[in-house]
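Chain by chain, the residues:
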Amino acid sequence: MVLDATSRWDNSYDGLKQSLTIQSAIVSSLDQDGQTLRMLMANSSAAVGSLQAQQSGNELLGLQIKQSLQTQALLATQARADTLRAAEQQASSAAAKERFTRFIGDGHAYTGGR
């Protein structure tokens, strides 16, 4: 039982650790993305020709796609962590029920003196 509990805890821990790692990476890139956005907006405003304006639009779209992919990665890892945590809780509940059943037995031992 201890090995099963340790294994469940390790799985939950790994899922949460992965989620926190991705969250940290996304948060650390927010400042850089903000600087990139400001630069792209300035380039877009200063664009002289049609091609330059289109290229600036493409760069802005690229930044938006990058941020969308980061959000998707964050949601996926958070969902994985939540699922692992729920599975660990379910397994712990099932193990506790089994321990209780083993301790109490089938109930025939406690007949109240009959």
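Residues numbered from 1 in each chain as written. Predicted model: local features only at pLDDT ≥ 70, side-chain atom pairs only at ≥ 80, totals over all residues. Heavy atoms only, no water.

1. Some remarks on the overall build of the chain
Of the regular secondary structure elements, the chain holds two helices and zero strands. For a compact globule of 114 residues, the expected C-alpha radius of gyration is about 13 Å, and the chain comes in at 27 Å, more than 25% above that figure. If one aligns the C-alpha atoms of the chain with their principal axes, the spans along those axes are about 100 × 20 × 15 Å. Taken over 114 residues, the chain has a buried fraction of 14%. By sequence separation, contacts in the chain at least 24 residues apart represent 77% of the contacts at least 6 residues apart. Between the centroid of the 10 positive side chains of the chain and the centroid of its 10 negative side chains there is a distance of 6 Å. (Helix = DSSP H or I, 4+ residues; strand = E, 2+ residues; numbered from the N terminus. Rg over C-alpha atoms; globule rule 2.2 N^0.38 Å. Buried < 20%, exposed > 50% of the residue type's maximum accessible area, 1.4 Å probe, protein only. Contact = heavy atoms within 4.5 Å. Lys, Arg positive; Asp, Glu negative; His and termini not counted. Charge placed at Lys NZ, Arg CZ, Asp CG, Glu CD.)

2. Some points on the packing of helix 1 (residues 2-45) against helix 2 (residues 50-104)
The N-to-C vectors of helix 1 and helix 2 enclose an angle of 165 degrees; their axes lie 9 Å apart at closest approach. By the criterion of interaxial angle, the relationship of helix 1 to helix 2 is roughly antiparallel. Crossing handedness for the pair helix 1 and helix 2: left-handed. Its residues assigned to classes, the contact of helix 1 with helix 2 comprises 15 nonpolar, 15 polar and eight charged. (Axes fitted to C-alpha atoms, helices over the stretch in contact; angles between N-to-C directions. Parallel < 35°, antiparallel > 145°, perpendicular 65-115°, else oblique. Left-handed = near helix turned anticlockwise from the far one by under 90°. Nonpolar A, V, L, I, M, F, W, Y, C, P; charged D, E, K, R; others polar.)

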